[in-house]
Amino acid sequence: MGRTLYSVSEIEIRVERFDSPVAQRLIHAALADLSARYGGSGDDTPVDPGEFEPPAGAFLVAHLGGEPVGCGGWRSHGDEGDTAELKRMYTAPAARGRGVARAVLAAVERSAREHGRKRIVLECGDKQPEAIAMYTAAGYERIPNFGFYKDAPGCLSFGRTL
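Owing to the predicted nature of the structure, the values given are computational and were not obtained by experimental measurement.

Trainee: Outline the overall build of the chain, supporting the account with residue identities and numerical values.
Mentor: In terms of helices and strands, the chain carries three helices and seven strands. Secondary structure elements in the chain, listed N-terminal to C-terminal, are β-α-β-β-β-α-β-α-β-β. When each of the 162 residues of the chain is scored for burial, the buried share is 43%. Within the structure as shown, the chain displays about 8,800 Å² of accessible surface, and the carbon and sulfur contribution to it stands at 52%. Separation of charge centres in the chain, based on 20 positive and 22 negative side chains, amounts to 6 Å.

Trainee: Got a sec to walk through the sheet that holds strand 6 (residues 141–143)? Specific residues and values, please.
Mentor: Taken in spatial order, the seven strands of this open sheet run 1-2-3-4-5-7-6, and their pairing is mixed. Either end of the sheet is taken by a strand with one partner, and the two such strands are strand 1 (11–15) and strand 6. Looking at each pair of strands side by side, their axes are set apart by 30 degrees on average, direction ignored. Here strand 4 (residues 83–91) pairs with strand 5 (residues 119–125) via three bridges, running parallel. Bridging across to strand 5, alanine 84 finds its partner in isoleucine 120. Seen against the sheet, helix 1 (residues 21–38) touches strand 2 (57–64), strand 3 (67–77), strand 4 and strand 5 and runs at an angle of roughly 85 degrees to strand 4.

Trainee: Quick one: what's the story with the packing of aromatic side chains, residue by residue and with numbers?
Mentor: Taken as a whole, this structure holds five aromatic pairs when the rule is applied. With centroids separated by 5.2 Å and ring planes inclined at 80 degrees, the aromatic side chains of phenylalanine 18 and phenylalanine 59 adopt a geometry described as edge-to-face. Pair noted here: phenylalanine 18 is in the loop between strand 1 and helix 1 and phenylalanine 59 is in strand 2, with a separation of 41 residues, a long-range link. Classification of phenylalanine 18 as buried rests on a relative accessible area of 6%. Note on phenylalanine 52 and phenylalanine 59: the rings are 6.0 Å apart at their centroids and 85 degrees apart in plane angle, and the pair reads as edge-to-face. You can call phenylalanine 52 buried: its relative accessible area is 1%. Look at phenylalanine 59 and you get buried, because its relative accessible area is 0%. Three or more aromatic residues joined by ring pairs make a cluster, and in this case those are Phe18, Phe52 and Phe59.

Trainee: Describe the pairing of strand 4, naming the residues involved and giving the relevant values.
Mentor: In terms of burial, strand 4 is largely enclosed, as nine of its nine residues are buried. Between strand 3 and strand 4, which pair antiparallel in sequence order, lie five residues; one of them, glycine 78, sits at a positive phi of approximately 80 degrees. A crossover links strand 4 with its parallel partner strand 5, the connecting element being helix 2 (residues 100–114), and its sense is right-handed.

Trainee: How would you sum up helix 2? Please name residues and give values.
Mentor: Look at helix 2: 21 Å from first C-alpha to last across 15 residues, which is about the 21 Å you get at 1.5 Å a residue. Inspection of helix 2 places Val100, Val104, Leu105, Ala107, Val108, Glu109, Ser111 and Ala112 among the buried residues, and these make up the whole buried set. Positive phi shows up at glycine 116, right after helix 2, with a value of about 85 degrees.

What counts, and at which threshold
Residues numbered from 1 in each chain as written. Predicted model: local features only at pLDDT ≥ 70, side-chain atom pairs only at ≥ 80, totals over all residues. Heavy atoms only, no water. Helix = DSSP H or I, 4+ residues; strand = E, 2+ residues; numbered from the N terminus. Buried < 20%, exposed > 50% of the residue type's maximum accessible area, 1.4 Å probe, protein only. Areas by Shrake-Rupley, 256 points an atom, 1.4 Å probe, with all protein chains shown as cover. Lys, Arg positive; Asp, Glu negative; His and termini not counted. Charge placed at Lys NZ, Arg CZ, Asp CG, Glu CD. Pairing = 2+ DSSP bridges. Axes fitted to C-alpha atoms, helices over the stretch in contact; angles between N-to-C directions. Contact = heavy atoms within 4.5 Å. Phe/Tyr/Trp six-rings, centres within 6.5 Å; stacked < 30°, edge-to-face > 60°. Right-handed = clockwise from strand over helix to strand, strands pointing away. Expected span 1.5 Å × (residues − 1).

All quantities given are derived from atomic positions and should not be read as evidence of function.
This is the structure we're talking about:
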């Protein structure tokens, strides 16, 4: 009989409204993290909660041991309707290194694909090396910058086919 060397709590991911209290707590924490890295409010990109309502988008919250510990969502991007934009990816510091971000990313991609999106794009900053490493490992490649920060120093944009 083997003995347990470690235990990993199961990550549960649920769809939440972008403007729900649990989502807003995580989003505020994400913005505080970005503010600590870049200054200002963290992210001034215009965001309308309605953009994350199916079928135009979705917002997902990860729970670990019953506690909300991460989030991410997608909204429609561009005029053709086949591209999604990843927004508000975040994992609480206490849950980092446990696969939460990878699980949320996979769930966001699956949701976007299920809603007919063929591609997903994102903006990231150069002061987020852990995020850049995760996106690159997940098959994302650099694309021309787009969006609110496209001309900002340190802006990096990525995309991949779903």
